[in-house]
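# Fold and contact review
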Amino acid sequence: MTTTEPIALRVAENEDAFRRANERIEDAADRGGFDVESLPFICECPQQDCTEIVRLKRHEYENVRRRGNTFLVAPGHEVIAVEGVEIARVGHMFDRFSLMVKVGDAGEQAIQLDPRAD
């Protein structure tokens, strides 16, 4: 275990909890047959107490979920390092959200925790 792994694991587990909550939001919308232009998703930044809501269209959310190491965050929540350890890079900034790409140990942990992984 490298010295960055405990930080990376903590960040990945926290963000994965938000990701799983967002998966449940999408599933509930699917089961309910909601045909809305956008859905409310929870910011997946590494701040444990973040409650920011981000509205995304379904295709935008699916684009975030295409890879196990990508996450959505609210504007201004683009955290690239935690306790001096690089955990992410900004993949793309949109008006309503940013797409973050986890890197290094955090990226590997995120892929392992991905609920959509085979």
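One can find the structure itself at the top, above this paragraph.
None of these values were measured; they are calculated from a predicted model.

The subject of this paragraph is the pairing of strand β3 (residues 70-73). Because side chains alternate across β3, one face comprises the buried residues Thr70 and Leu72, and the other comprises Phe71 and Val73, equally buried. One ladder, built from four bridges, connects β3 with strand β7 (residues 98-102); its direction is antiparallel. Bridge assignment links valine 73 to a residue of β7, and that residue is serine 98.

Another aspect to go through is the side chain of glutamate 44. When you line up the elements, glutamate 44 lands in the loop between β1 (39-42) and β2 (53-56). Overall, glutamate 44 belongs to the buried group, its relative accessible area being 0%. Engagement of the side chain of glutamate 44 in a polar contact is seen with the side chain of asparagine 22, the distance being 2.8 Å. If near-sequence neighbours (up to four positions away) are discounted, glutamate 44 is found in contact with Glu15, Phe18, Arg19, Asn22, Arg65, Phe71, Leu72 and Val73.

Below, the discussion takes up the side chain of serine 38. Considering the arrangement of structural elements, one finds serine 38 in the loop between α1 (5-32) and β1. Serine 38 gets classed as buried once you look at its relative accessible area, which sits at 17%. Discounting chain neighbours no more than four positions away, the residues touching serine 38 are Arg55, Leu56 and Lys57.

Interaxial distance between α1 and helix α3 (residues 104-113) falls to 8 Å at its minimum, and their mutual angle equals 40 degrees. When the axis of α1 is compared with that of α3, the two are oblique. Here the hand of the crossing between α1 and α3 comes out right-handed. On α3, the residues that touch Glu5, Ala8, Leu9, Ala12, Glu13, Asp16, Arg19 and Arg20 of α1 are Asp105, Ala106, Gln109, Ala110 and Leu113. In terms of residue class, the contact of α1 with α3 is built from six nonpolar, one polar and six charged.

Here the structure, examined in full by the defined rule, presents twelve salt bridges. When the shortest N-O distance is used, the salt bridge between arginine 65 and glutamate 23 registers 3.6 Å. On the criterion of sequence distance, the pair formed by arginine 65 in the loop between α2 (58-64) and β3 and glutamate 23 in helix α1 is long-range, its members being 42 residues apart. In this structure, arginine 116 and glutamate 62 form a salt bridge, with 2.7 Å as the shortest nitrogen-oxygen distance. One end of the pair, arginine 116, is in the segment after α3; the other, glutamate 62, is in helix α2, and 54 residues separate them in sequence. Linked by salt bridges that have partners in common, Glu23, Glu26, Glu44, Glu62, Arg65 and Arg116 make up one network.

Here is what the cut-offs are and how they apply
- Residues numbered from 1 in each chain as written.
- Predicted model: local features only at pLDDT ≥ 70, side-chain atom pairs only at ≥ 80, totals over all residues.
- Heavy atoms only, no water.
- Buried < 20%, exposed > 50% of the residue type's maximum accessible area, 1.4 Å probe, protein only.
- Helix = DSSP H or I, 4+ residues; strand = E, 2+ residues; numbered from the N terminus.
- Pairing = 2+ DSSP bridges.
- Polar contact = N/O pair within 3.5 Å; in protein donor to acceptor, adjacent residues only side chain to side chain.
- Contact = heavy atoms within 4.5 Å.
- Axes fitted to C-alpha atoms, helices over the stretch in contact; angles between N-to-C directions.
- Parallel < 35°, antiparallel > 145°, perpendicular 65-115°, else oblique.
- Left-handed = near helix turned anticlockwise from the far one by under 90°.
- Nonpolar A, V, L, I, M, F, W, Y, C, P; charged D, E, K, R; others polar.
- Salt bridge = Lys/Arg side-chain N within 4 Å of Asp/Glu carboxyl O.

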